[in-house]
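Structural overview
Listed here are the chains, written in short residue letters.
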Amino acid sequence: RRVHGDLIWSSIRMIGKPETTPKIESHSQNGWEFIFQKSTILGAKEADLLEEALTLQHKPDAIFGRNAATLRCKDANFSIEFLPFDALRLCNFEAQNRLLKVGYGRSQLVNLINYRPAETKVKDHELWKDRKVDEDTEIKVLENLSDWTYSTPYKGTVRTYEDSKAAESLSVEDLINSKALETESGTFTVEETEKEIPLANLGPSNPILWFNETILYDDDLGDNGQSVCFLRFRTMRDCWFALLRSYVRVDEVIFRIIDTRFYHEYGTRNILREFSVRENTPENAKKQGLKIDAELILDVRQSDTVFKFLNVIQLNRDMIVF
């Protein structure tokens, strides 16, 4: 099975080992704790529980349920986490509607989303739609509950430092049933901003002191493409930066990248957050020079290759203040 690069090989090797203790990789700097937890994919029982609890039409092939990334500051009583269950929670249409942000202005609902992914169909959809069946054939129409491509508008889970610490001891079942995304922080606010992430400060002149990444889930969309959600993180001398990406490729139909970028300068009480959606058809991407072949499909960093051939569909910038 294709996997998303070296970052999950350690998880793949642990599959089948009972009660595997998650591997913890951490770094502390300027009053912040950066904690990456990595483990195996969920077992069948836990995955079925997730599918039912989150009301998903189907579940991804590989859900790294105990994988997590936590960025938190005790002095600010602030934490932002990146969790597989919350990312998948926002593939459910009802949850998207409930958490979709309406209007502008300052809000304490820092986990609201800005976007609902458009419906995507496989390339042979029209052929099946027009297929004739016998009049006596009983056809069962299923309710469409969730996005089958697992395109998630998830932007992380913001909560207090204390709540983050308390969540460390929760069971998988408790994590699946968490309501953290829908809870007002009471402490933090989010507001729109025109301020951009200073890309110049993320270049070679500002060396990376610590880097990590983790995968939340991966699926081959029934052999129709790929959907993967992952986080990359780095900290430099004066700031840290994170990229949360939901990458979807439906063969002969669409490329989609939903990115959320986070930037924090040490010593400040805010995080710049930039949310973007990029899309293109494979046909148009080919015309622009993208070579779609086995080498690309097997490339563990294919989203990086595809990225520059996609068009910006939506861009939102805001600032989390704590």
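Residues numbered from 1 in each chain as written. Predicted model: local features only at pLDDT ≥ 70, side-chain atom pairs only at ≥ 80, totals over all residues. Heavy atoms only, no water.

**So, the confidence of the model for the chain**
Do not read the fine detail of predicted coordinates wherever pLDDT is low. When pLDDT is averaged across the chain, the result is 89; 87% of the residues are at 70 or more. Counting contacts from residues 8–19, a segment whose pLDDT is below 50, to residues more than four positions away or on other chains yields 15 contacts. (pLDDT = per-residue confidence, 0-100. Contact = heavy atoms within 4.5 Å.)

**Description of the pairing of strand S11 (residues 254–265)**
Counting buried residues in S11 gives eleven out of twelve residues, a clear majority hidden from the surface. Alignment of strand S10 (residues 239–250) against S11, held across twelve bridges, turns out to be antiparallel. Paired with Leu 244 across the two strands is Thr 260, which belongs to S11. As paired strands, S11 and strand S12 (residues 270–280) are joined by nine bridges and run antiparallel to one another. Bridging across to S12, Arg 256 finds its partner in Glu 279. In this structure, the hairpin formed by S11 and S12 is closed by a connection of four residues, where Gly 267 is found at a positive phi of approximately 95°. (Buried < 20%, exposed > 50% of the residue type's maximum accessible area, 1.4 Å probe, protein only. Helix = DSSP H or I, 4+ residues; strand = E, 2+ residues; numbered from the N terminus. Pairing = 2+ DSSP bridges.)

**Some details on the environment of Arg 234**
Mapped onto the elements, Arg 234 comes out in strand S9 (residues 225–235). Measuring from C-alpha to C-alpha, the distance between Arg 234 and Asn 212 comes to 6.5 Å, with 22 residues separating the pair along the chain. Once residues lying within four places of it in the same chain are set aside, the contact partners of Arg 234 are Leu 202, Ile 208, Trp 210, Phe 211, Trp 240 and Phe 241. A polar atom in the side chain of Arg 234 sits 3.1 Å from the backbone oxygen of Leu 202. (Polar contact = N/O pair within 3.5 Å; in protein donor to acceptor, adjacent residues only side chain to side chain.)

**Quick word on the nonpolar core**
Membership of the largest hydrophobic core comes to 55 residues, with the highest contact counts inside it found for Trp 32, Leu 50, Leu 71, Phe 78, Leu 88 and Trp 240. The dominant element in this core, judged by the number of residues it contributes, is S10, at five residues. The residues touching Trp 32, leaving out its near neighbours within four places in the chain, are His 27, Leu 71, Arg 72, Cys 73, Phe 78, Trp 240, His 264, Tyr 266, Ile 271 and Phe 322. Ranked by size, the runner-up nonpolar core spans 14 residues in total, among them Tyr 247, Ile 257, Ala 285 and Leu 290. (Core = buried A, V, L, I, M, F, W, Y, C linked by side-chain atoms within 4.5 Å.)

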